[in-house]
Amino acid sequence: MDYTELANRVLSMLKTEHGDDPSNGHLTMDNWEWPTGVALYGVYKTYQQSGDRAILDYLTAWYDRRLQMEPPHRNVNTVAPVLALTCLYDETRNPAYLPVIESWAEWVLRDMPRTELGGLQHCTVWNKHYQQLWCDTLMMACLFLAKAGVVLNRPEWIDEAEYQFLLHIRYLQDKRTGLFYHGWTFDGRSNFANAFWARGNAWFTVSAIELYDITGRDNAAMRLIRAAFREQALALWKYQRVNGLFTTLIDVEETYCETSATAGIAYGVSKALRLGWLSGERYAEMGRLAAQAVIAQIDEEGAVQGVSGGTGMGHDLEHYKKIIVTPTAYGQGLAFLMLTELIREEEGK
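Residues numbered from 1 in each chain as written. Predicted model: local features only at pLDDT ≥ 70, side-chain atom pairs only at ≥ 80, totals over all residues. Heavy atoms only, no water.

Across its full length, the protein carries 14 helices and four strands. In terms of overall dimensions, the protein is globule-like: its C-alpha atoms have a radius of gyration of 18 Å, near the 20 Å expected for 349 residues. Burial statistics for the protein: of 349 residues in total, 61% are counted as buried. Considering only contacts within the protein whose residues lie at least 6 apart along the sequence, 69% involve residues at least 24 apart. Summed over its atoms, the accessible surface of the protein is roughly 13,700 Å², and 49% of this surface lies on carbon and sulfur atoms. Charge centroids of the protein, computed over 32 positive and 43 negative side chains, lie 6 Å from each other. (Helix = DSSP H or I, 4+ residues; strand = E, 2+ residues; numbered from the N terminus. Rg over C-alpha atoms; globule rule 2.2 N^0.38 Å. Buried < 20%, exposed > 50% of the residue type's maximum accessible area, 1.4 Å probe, protein only. Contact = heavy atoms within 4.5 Å. Areas by Shrake-Rupley, 256 points an atom, 1.4 Å probe, with all protein chains shown as cover. Lys, Arg positive; Asp, Glu negative; His and termini not counted. Charge placed at Lys NZ, Arg CZ, Asp CG, Glu CD.)

Shown next, in the form of structure tokens:
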């Protein structure tokens, strides 16, 4: 299969104007929000792997247009698009991007609401989610902080990103299974519905291996992050369905299969094999099956099907079972990430 052609098809769906109607499942790219941020990072990684200047031009035009608009409300989700912007600055050294990156990093470090023990509180535009840690934060904010720390030579920013990973591991990883809960609240001290939400697990799978790739560190913090990753990978291997997909609640077989989580897990596991975090045929087979299952969900127009819509914190498991299924920008973005590993393997890089 020509994975580069498939990636271009997925990108063509993002380039289509979908409007900002909530019924489109966050497929629009015409905003500065977390679905867009995940998609933009996937697009950048595709450019990085393929070297296609048309993709770089698309990213440059997107940011140049958005940066002329009124700045967005600052919250954990609107940090997400700054990750790809930082990557773009690393590529182009466009001086217009630098103050934007620095301003967002300073906001995360100094002004973003915190939980007990200094955790990044998962505050959004509608809800501050008082004293709550979510898996999502690792992808939406912490990777940006690490990347900015590397690009701008601010090691203390990388230290903070690593601390956030360690804190989230402490409160979100289940000691019995190795899977990750969706969230934790210090206000009541619970993991809410004790939900092993698939995309939440994928946020960790993707973010942990990306953190290592971005920073190149192999210190004590990274050793613990790697250990948590390996525990989770073994648990995920046990719960993968025979069709290669993961259900939206990983340990609840009757919940629907979910493509975006499967794409993120396929990417994280495949990249971990390449970078030496994992080894063995069980994980190679797990990654292959997951990738094949995701590819089967990409339609002729390039839309990734079988993706659960935006999912807030659930106080019972029924919450997760009722989330709508629809193409989304982050579903496209996670598919991009997975495809970059397949393109790399195809080209023997």
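Now that the structure is up, let's keep going.
Here the focus is the environment of Trp277. Relative to the helices and strands, Trp277 resides in the loop between helix 11 (259–275) and helix 12 (281–295). Note: C-alpha distance between Trp277 and Arg230 (47 residues apart in sequence) is 7.5 Å. Here Trp277 is in contact with Ala208, Ile209, Tyr212, Met222, Ile225, Arg226, Phe229, Arg230 and Ala272, once residues within four sequence places are set aside.

Moving on, we come to the environment of Ala272. Among the structural elements, Ala272 can be located in helix 11. A relative accessible area of 0% means that Ala272 is categorised as buried. In the structure, Ala272 is positioned 117 residues away from Pro155 in sequence and 24 Å away in space, judged by C-alpha atoms. With near-sequence residues (within four places) excluded, Ala272 lies in contact with Ile209, Phe229, Trp277 and Leu278.

Further remarks concern the packing of helix 6 (residues 98–111) against helix 7 (residues 136–151). The geometry of helix 6 relative to helix 7 is characterised by a closest axis approach of 10 Å and an angle of 125° between their N-to-C directions. It follows from the interaxial angle that helix 6 and helix 7 lie oblique. Of the two elements, helix 6 crosses helix 7, and the hand of that crossing is left-handed. Contact with helix 6, carried on its side by Ile101, Trp104, Ala105, Val108 and Leu109, involves Phe144, Leu145 and Ala148 of helix 7 and no other residues of that element. Looking at side-chain class alone, the contact of helix 6 with helix 7 contains eight nonpolar, no polar and no charged residues. (Axes fitted to C-alpha atoms, helices over the stretch in contact; angles between N-to-C directions. Parallel < 35°, antiparallel > 145°, perpendicular 65-115°, else oblique. Left-handed = near helix turned anticlockwise from the far one by under 90°. Nonpolar A, V, L, I, M, F, W, Y, C, P; charged D, E, K, R; others polar.)

The phi torsion at Phe192 lies on the positive side, around 55°, for a residue other than glycine. Of note, Asn194 is a non-glycine position whose phi angle comes to about 55°, a positive value. Within the secondary structure, Asn194 is located in the loop between strand 2 (183–185) and helix 9 (198–215). The exposure class assigned to Asn194 is partly exposed, which follows from its relative accessible area of 45%.

It is worth spelling out the pattern of salt bridges at this point. Enumeration over the complete set of coordinates arrives at 21 salt bridges. Note that Glu281 is salt-bridged to Arg288, the shortest N-O span being 2.4 Å. Relative accessible area serves as the criterion here: at 38%, Arg288 is assigned to the partly exposed category. Linked through salt bridges whose partners overlap, the residues forming this network are Lys45, Glu210, Asp213 and Lys271. (Salt bridge = Lys/Arg side-chain N within 4 Å of Asp/Glu carboxyl O.)

Time to look at the nonpolar core. Counting 124 residues, the largest nonpolar core has Tyr63, Ile101, Phe144, Phe165, Phe204 and Met338 as its most contacted members. With 11 residues, the top contributor of residues to this core is helix 7. Excluding residues within four positions of it along the chain, Phe204 makes contact with Leu138, Phe165, Ile169, Phe180, Ile225, Ala228, Phe229 and Gln232. (Core = buried A, V, L, I, M, F, W, Y, C linked by side-chain atoms within 4.5 Å.)

Counted under the stated rule, the structure contains 15 aromatic pairs. Where Trp197 meets Tyr320, the ring centres are 6.4 Å apart and the plane angle is 40°; that geometry is what we call tilted. Here the residue Trp197 occupies a position in the loop between strand 2 and helix 9, and Tyr320 occupies one in helix 13 (residues 317–321), the gap between them amounting to 123 residues. Accessibility expressed as a relative area gives 2% for Trp197, which makes it buried. Exposure remark for Tyr320: the relative accessible area of 1% places this residue in the buried category. Lying across the ring of Trp237, Arg282 places its NZ or CZ 4.3 Å from the centre. Over the face of the ring belonging to Tyr283 we find Arg282, whose NZ or CZ atom lies 6.0 Å from the ring centre. (Phe/Tyr/Trp six-rings, centres within 6.5 Å; stacked < 30°, edge-to-face > 60°. Lys NZ or Arg CZ within 6 Å of the ring centre and 35° of its normal.)

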